[in-house]
Amino acid sequence: MANQHFDVLIVGAGLSGIGSAYHIQTYCPDKTYAILEGRDAIGGTWDIFRYPGIRSDSDMYTLGYSFRPWREDKSLADGPSILRYVKSTAADYGIDQQIRYNHWVTHYDWSSADATWTVTAKNQKTGRNVRYTCHFIINCSGYYRYDEGYMPDFPGVETYKGRLIHPQHWPEGLDYAGKRVLVIGSGATAVTLVPAMAESAAQVTMLQRSPTWIVSLPDVDVIARTLNRLLPAKAAYPLTRWKNVGLQTLFFQACKRYPKLMRRLLRQHLRSQLGRHFDIDTHFNPSYDPWDQRLCLVPNGDLFRALRKGAAKVVTDHIDTFTEKGLRLKSGEELEADIVVSATGLNLVALGGAEVTVDNQEVALGDTMSYKGMMLSNVPNLALVVGYTNASWTLKADLTSEYVCRILNHMDRQGYDACTPHVGDDVEVEPFIDLNSGYVLRALDRLPKQGDRKPWKLYQNYLLDLMNLRYGSVDDSALAFSRRTPVPDTIALAEQRR
């Protein structure tokens, strides 16, 4: 196995990985780095998901990079447009030249004696293992399994004669024109698929066990468009970005502090979108408060328009069993379908499922605690990029990359080789992600934890993180800096004693 050394290894060439690479080469220009990408393409999520209508439910003025203005007209962009943005960013900054494709990372092994990580990756083409060494790792592999979406164990599924598909593995060239399509789920993927497929399918039905909070917004930001006409992009982009950050923060805080009021306002919004006679109480009145689970966004009300026109319908019920022609529900109703799409979510996993050892001791990620939402207790020189659940992913990703650069530069100035978060005994343990969605609850025991106070608390608040990560002191009492402790050479010691 070949062994190559870099100062920094970035794992993942998606939105986060390209952003991290930019920060390293800009703010730590003397550092060597490489990106290990498990697949054969750049883009991560925006290259993996190919289902009809794939789009972002975050605006591109905050999902885009802080250092690279979003120049297209649509604020709520489609997947191909976002992928072009990521690819062009990588090409324009020369980041694409640093990517090692088909390198699926399986092990991280830290040695305190050398203050070095040994990273083992499987070459997906040759099947051979390749080893790299580095001083610092930035894991940008996201939080879900790329190779497998979540598919429930549906009763009777083996009897179904139609086609069953998970959106994460969408078949190329699938022809659904004139077909009866049943989409199981009510999250972001389902509310995207339904209006997109309704344009050519004979009928599309969204089957949900329980409703989700859904909001409609225009896909074009009129204020941003106006600012772009009046100002240079370097001025218009940050103004729009801060405007959207403010609106996102206010809306989230209102939902958390005044849930009854926000329920009423959202109900009025739904009534305006669906009309007086639609059964909102059954299909769009969740039992949970807004933002107890991630809120779904539909651009220009396309889902609601498909429902009003009759091109799509929503059914709220539980599955009894699959049948040869479709599904039978607990109520006894039968839904026939030529194609069933199981938009049932993701399988969450930390660090891409790679194993971690520190000085030959295996680290159980579920036993670690997250430091500032980006490092792990008792794990040196490793950062993981995890975005917000209540705002655009890249807002936190950018701040994380900035903070890593600050740590690296601080270590160089002070002559340190390692930095390790250490949590005190008085910190109370809380779940890493503060959502009660099914895909989160299924994985909580395998994810790191958070604490009940800073720097272990994930506040899901960009303004607080901005102050802590961009302007707060790096020399934190919870972050221990150290110099390497090489194992003594026994022969040299013996000679010294003579």
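Residues numbered from 1 in each chain as written. Predicted model: local features only at pLDDT ≥ 70, side-chain atom pairs only at ≥ 80, totals over all residues. Heavy atoms only, no water.

K.L.:
So what about empty space enclosed by the protein? Which residues, and what values?
P.N.:
The tally for this structure, following the rule as stated, stands at three cavities of 30 Å³ or more. Of the pockets and cavities examined, the largest cavity occupies roughly 100 Å³. Residue contributions to the lining of the largest cavity peak at five residues, all from helix α7 (residues 233–257). Each residue belonging to the lining of the largest cavity can be placed in one class, and the counts come to six nonpolar, six polar and no charged. Estimates place the volume of the second largest cavity at around 80 Å³. As for the second largest cavity, its lining consists of 13 residues, and the residues nearest its centre are Gly-142, Tyr-143, Ala-350, Leu-384 and Val-386. When its residues are assigned to classes, the lining of the second largest cavity shows 11 nonpolar, two polar and no charged. (1 Å grid on protein atoms, 1.4 Å probe; cavity = no way out; pocket = protein on both sides within 12 Å on 5 of 7 lines; lining within 4 Å. Points joined across faces, edges and corners; volume = space filled by probe spheres on them. Helix = DSSP H or I, 4+ residues; strand = E, 2+ residues; numbered from the N terminus. Nonpolar A, V, L, I, M, F, W, Y, C, P; charged D, E, K, R; others polar.)

K.L.:
Mind laying out helix α11 (residues 393–414), listing which residues take part and the relevant values?
P.N.:
With 22 residues, α11 should cover 32 Å at 1.5 Å per step; its first-to-last C-alpha distance of 32 Å lies within 8% of that length. By the criterion of burial, α11 is predominantly enclosed, with 17 of the 22 residues buried. With its phi angle positive at about 75°, Gly-415 sits one or two positions after the end of α11. (Expected span 1.5 Å × (residues − 1). Buried < 20%, exposed > 50% of the residue type's maximum accessible area, 1.4 Å probe, protein only.)

K.L.:
Quick rundown of unusual backbone geometry? Include the residues and the values.
P.N.:
Geometrically, the link from Lys-454 to Pro-455 is a cis peptide bond, its omega value of 10° lying close to zero. Here Pro-455 is to be found in the loop between β24 (450–451) and α13 (462–471). Even without being glycine, Asn-102 reaches a positive phi, approximately 60°. The residue Asn-102 is located in the loop between β3 (99–100) and β4 (103–111) in this model. Despite not being glycine, Trp-291 has its phi angle at roughly 75°, a positive value. Note that Trp-291 resides in the loop between α9 (280–283) and β11 (296–299).

K.L.:
Give me the lowdown on the sheet that holds strand β9 (residues 203–208), citing residues and values where you can.
P.N.:
If you trace the five strands from one edge of the open sheet to the other, you get β7-β16-β8-β9-β12, paired in parallel fashion. With partners counted over all chains shown, the strands left at the sheet margins are β7 (163–165) and β12 (312–316), one partner each. Neighbouring strand axes in the sheet, compared pairwise and without regard to direction, differ in orientation by 20° on average. The sheet contacts of helix α5 (residues 188–198) involve β8 (180–184), β9, β12 and β16 (339–342), and relative to β9 the element is tilted by about 165°. (Pairing = 2+ DSSP bridges. Axes fitted to C-alpha atoms, helices over the stretch in contact; angles between N-to-C directions. Contact = heavy atoms within 4.5 Å.)

K.L.:
Lay out the layout of surface pockets with the relevant residues and their values.
P.N.:
Roughly 750 Å³ of volume is contained in the second largest pocket. Residue lining of the second largest pocket: 28 residues in total, with Asp-59, Leu-217, Leu-247, Gln-248 and Leu-297 positioned closest to the centre. For the lining of the second largest pocket, the secondary-structure elements that each account for two or more residues are β10 (214–217), α6 (222–230), α7 and α8 (259–274). When residues in the lining of the second largest pocket are grouped by element, the largest group, six residues, is from α7.

K.L.:
Talk me through the pairing of β16; I want residue IDs and the actual numbers.
P.N.:
Here β16 shows no split at all, with Ile-339 and Val-341 on one side and Val-340 and Ser-342 on the other all buried. The pairing of β7 with β16 spans three bridges and is classified as parallel. Bridging from a neighbouring strand, Ile-165 pairs with Val-341 of β16. Taken together, the four bridges between β8 and β16 define a ladder with parallel strand orientation. Looking across to β16, one finds that Val-183 is bridged to Val-341.

K.L.:
Summarise the pairing of strand β5 (residues 116–123); cite the residues concerned and give the values.
P.N.:
Along β5, six of the eight residues are buried, which leaves the element largely enclosed by surrounding structure. Of the pairings in the sheet, the one linking β4 to β5 comprises eight bridges and is antiparallel in character. Directly across from His-107, in β5, lies its bridge partner Thr-120. Taking the residues between adjacent antiparallel strands as the criterion, β4 and β5 are bridged by four residues, where Ala-115 takes a positive phi near 50°. Note: β5 against strand β6 (residues 129–139), six bridges, orientation antiparallel. Its bridge partner being in β6, Trp-117 is matched across the sheet by Cys-134.

K.L.:
Which residues make up helix α1 (residues 15–27), and what values go with them?
P.N.:
The end-to-end C-alpha separation of α1 is 19 Å, in line with the 18 Å expected for 13 residues at 1.5 Å each. Of all 13 residues in α1, 10 are buried; the element is thus mostly enclosed. Taken as a whole, α1 has its buried residues at Leu-15, Ser-16, Gly-17, Ile-18, Gly-19, Ser-20, Ala-21, Tyr-22, His-23 and Ile-24.

K.L.:
Break down a nonpolar patch on the surface for me, with residues and values.
P.N.:
Side chains of Leu-230, Leu-231 and Leu-239 sit close together on the surface and give an oily, nonpolar patch of about 290 Å² of accessible area. With respect to the helices, strands and loops of the structure, Leu-230 is situated in helix α6. Here Leu-230 falls in the exposed class, since its relative accessible area comes to 67%. (Patch = residues over 30% accessible without salt bridge, like charges linked within 9 Å, V, L, I, M, F, W, Y side chains within 5 Å. Areas by Shrake-Rupley, 256 points an atom, 1.4 Å probe, with all protein chains shown as cover. Salt bridge = Lys/Arg side-chain N within 4 Å of Asp/Glu carboxyl O.)

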